[in-house]
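The primary structure of each chain is shown beneath.
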Amino acid sequence: MSQVIFVAGGAGFVGANLVPRLLDEGAIVVVADNFCRGRREALPTHDRLHVIEADLADRAATAQAFDQAAALGPLKEVWHLAANSDIPAGVEDSDVDFKDTFRTTFELLRAMRAHRVKHFHFASSSAVYGDLGNQPLHEGLGPLLPISNYGAMKLASEAQASAAAESFLDRVNLFRFPNVVGVPATHGVILDFINKLARTPDNLDVLGDGTQQKAYLHVSDLVNAMLMVRARQSEHKVELVNIGPTDEGITVRRIAEMVVARVAPQARLSFGQGNKGWVGDVPKFTYLTNKMQAYGWQPSVSSAGAVQRAVDEIARQQGH
């Protein structure tokens, strides 16, 4: 009987790119999603793919989803991609991140214990580091002081998974993402800019002064990196890795220029004040990925290359 892989939030952006790769391995894949942002049509049609609509912050719903998955075969592992991806919304209402970013982690781990599932792969974030200015971000930094509720709940989720590794899990992979781009885009600066230009083709309003500079990774490189880490034999129960480009990133101004050139060349750029787009925004960071590089992984494109590729992909997705 084929083993079953449970993907929480699997109908979202990253999940839509990961699930086909998991199906290629011959496994039965169960996607559980509340479809807040994820879309069923983003997933392939496949006889080994089963999709469950469920609120994984709810204990009974999570238990029922795991029972349905276990009925299909032995549960091998859980990929946890479910979270609130709207950072400003979490700043406005902290319950959003408590429920969708942390409570989902807590309930998934509880269900894993009940079903004796031993492997947990978690989509964490660079937001756990907080705003450290020009300090390059590496896995050994501490203390970690997030400045958004999103980052705080991702960090709490990492801690909860670490505790679970001590008591009942055999392997925990904690993947700290930078800004990830590509399709099917559900949110993010590129989609936001394209949608703004659809409403006002002659002008693009940019949050902040455009000097914000961050690392960007194409989703195809992210999936390759996660699968590489999962396949590695490790002496540690908990594997923590930054996944990102090897450069210092790209500015919001440059991203805006790329989008305008592709979608509305006649549009002018209008910038706001200050170097933060919103409360909880980290305006600039340099992401170190020496650990992943030591494992033999390299991204296929730079931050600028990832953004340029994603601009074209998302523009086509939006009908441009």
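Residues numbered from 1 in each chain as written. Predicted model: local features only at pLDDT ≥ 70, side-chain atom pairs only at ≥ 80, totals over all residues. Heavy atoms only, no water.

*Asks:* Give a detailed account of the nonpolar core, specifying residues and quantitative values.
*Replies:* Val7, Trp79, Met226 and Ile243 are the most contacted members of the largest nonpolar core, which totals 32 residues. Elements with a minimum of two residues in this core: strand E1 (4-8), helix H1 (13-24), strand E2 (28-33), strand E6 (171-177) and helix H7 (219-231). Of all the elements, H7 adds the most residues to this core, at 7 residues. Once you skip the residues sitting within four places of it in the chain, Val7 turns out to touch Val19, Leu22, Val29, Val30, Val31, Ala32, Trp79 and Leu81. The next biggest cluster of nonpolar side chains, apart from the first, holds 30 residues, and it includes Ile28, Val78, Leu108 and Val117. (Core = buried A, V, L, I, M, F, W, Y, C linked by side-chain atoms within 4.5 Å. Buried < 20%, exposed > 50% of the residue type's maximum accessible area, 1.4 Å probe, protein only. Helix = DSSP H or I, 4+ residues; strand = E, 2+ residues; numbered from the N terminus. Contact = heavy atoms within 4.5 Å.)

*Asks:* Mind laying out the layout of surface pockets, listing which residues take part and the relevant values?
*Replies:* In this structure, the second largest pocket spans a volume of roughly 170 Å³. Lys76, Glu77, His119, Asp170, Arg171, Arg230, Ala231, Arg232, Gln233, Ser234, His236 and Lys237 together form the lining of the second largest pocket. At the level of elements, strand E4 (75-80) and H7 are the ones that each hand at least two residues to the lining of the second largest pocket. Considering only residue class, the lining of the second largest pocket consists of 1 nonpolar, 4 polar and 7 charged. (1 Å grid on protein atoms, 1.4 Å probe; cavity = no way out; pocket = protein on both sides within 12 Å on 5 of 7 lines; lining within 4 Å. Points joined across faces, edges and corners; volume = space filled by probe spheres on them. Nonpolar A, V, L, I, M, F, W, Y, C, P; charged D, E, K, R; others polar.)

*Asks:* Go over the packing of aromatic side chains with me, naming the residues and quoting the values.
*Replies:* The final tally for this structure, using the stated rule, is 6 aromatic pairs. Between the aromatic rings of Trp79 and Phe175, the centroid separation amounts to 6.1 Å while the plane-to-plane angle is 15 degrees, which identifies the pairing as stacked. Highlighted residues: Trp79 in strand E4 and Phe175 in strand E6, separated in sequence by 96 residues. Since its relative accessible area comes to 0%, Trp79 is described here as buried. A relative accessible area of 0% means that Phe175 is categorised as buried. Summarising the aromatic geometry, the rings of Phe102 and Phe106 are spaced 6.3 Å apart at their centres and angled 45 degrees between planes, so their arrangement reads as tilted. (Phe/Tyr/Trp six-rings, centres within 6.5 Å; stacked < 30°, edge-to-face > 60°.)

*Asks:* I'd like a description of H7, backed by residues and values.
*Replies:* Here H7 is 13 residues long and its end C-alpha atoms lie 18 Å apart, about the 18 Å a rise of 1.5 Å per residue gives. All buried positions along H7 are accounted for by Val219, Asp221, Leu222, Val223, Ala225, Met226, Leu227, Val229 and Arg230. (Expected span 1.5 Å × (residues − 1).)

*Asks:* Tell me about the pairing of E2, and name the residues and values.
*Replies:* Of all 6 residues that make up E2, 6 are buried, and the element is covered over most of its length. Covered by surrounding structure in E2 are Ile28, Val30 and Ala32 together with Val29, Val31 and Asp33, the residues of both alternating faces. Where E1 and E2 come together, 5 bridges link them in parallel fashion. From the neighbouring strand, Phe6 faces E2, where its bridge partner is Val30. Running through H1, the crossover from E1 to the neighbouring parallel element E2 is right-handed. (Pairing = 2+ DSSP bridges. Right-handed = clockwise from strand over helix to strand, strands pointing away.)

*Asks:* Please set out the sheet that holds E1 residue by residue, giving values where relevant.
*Replies:* Ordered by their spatial adjacency, 7 strands build an open sheet running E3-E2-E1-E4-E5-E6-E11, and the pairing between neighbours is parallel. Only two strands of the sheet have a single partner each, and these edge strands are strand E3 (49-53) and strand E11 (238-242). With strand direction ignored, the average angle separating the axes of adjacent strands in the sheet is 15 degrees. Bridge count between E2 and E3: 5 bridges; the pairing is parallel. What sits directly across from Val30, in E3, is His50. Contacts from H1 reach E1, E2, E3, E4 and E6, with the element oriented near 165 degrees to E2. (Axes fitted to C-alpha atoms, helices over the stretch in contact; angles between N-to-C directions.)

*Asks:* Kindly report on a positive patch on the surface, identifying the contributing residues and their values.
*Replies:* There is a patch of like positive charges on the surface, built from Arg113, Arg116, Lys118 and Lys237. Since its relative accessible area comes to 67%, Arg116 is described here as exposed. (Patch = residues over 30% accessible without salt bridge, like charges linked within 9 Å, V, L, I, M, F, W, Y side chains within 5 Å. Areas by Shrake-Rupley, 256 points an atom, 1.4 Å probe, with all protein chains shown as cover. Salt bridge = Lys/Arg side-chain N within 4 Å of Asp/Glu carboxyl O. Lys, Arg positive; Asp, Glu negative; His and termini not counted. Charge placed at Lys NZ, Arg CZ, Asp CG, Glu CD.)

*Asks:* Explain the pairing of E11 residue by residue, including any values.
*Replies:* Of all 5 residues making up E11, 4 are buried, and the element is well covered by its neighbours. Where E6 lies against E11, 5 bridges are found, and the strand directions are parallel. Its bridge partner lying in E11, Phe175 is registered against Val241.

*Asks:* Tell me about the packing of helix H4 (residues 94-115) against helix H5 (residues 149-167), residues and numbers included.
*Replies:* Interaxial distance between H4 and H5 falls to 8 Å at its minimum, and their mutual angle equals 15 degrees. Considering their axes alone, H4 and H5 lie roughly parallel with respect to each other. Like other packed secondary-structure pairs, H4 and H5 cross with a definite hand, here right-handed. For the pair formed by H4 and H5, the contact residues are Ser94, Asp97, Phe98, Thr101, Phe102, Thr105, Phe106, Leu109 and Arg113 on the first element and Asn149, Tyr150, Met153, Lys154, Ala156, Ser157, Gln160, Ala161, Ala164 and Ser167 on the second. In the contact of H4 with H5, the residues fall into 9 nonpolar, 7 polar and 3 charged. (Parallel < 35°, antiparallel > 145°, perpendicular 65-115°, else oblique. Left-handed = near helix turned anticlockwise from the far one by under 90°.)

*Asks:* I'd like to hear about the side chain of Asn203, residue by residue, with values.
*Replies:* Following the sequence through the fold, Asn203 ends up in strand E8 (residues 203-206). At a separation of 3.4 Å, a polar atom in the side chain of Asn203 contacts the side chain of Arg268. Setting aside residues up to four positions removed in sequence, Asn203 forms contacts with Leu197, Ala267, Arg268 and Ser270. (Polar contact = N/O pair within 3.5 Å; in protein donor to acceptor, adjacent residues only side chain to side chain.)

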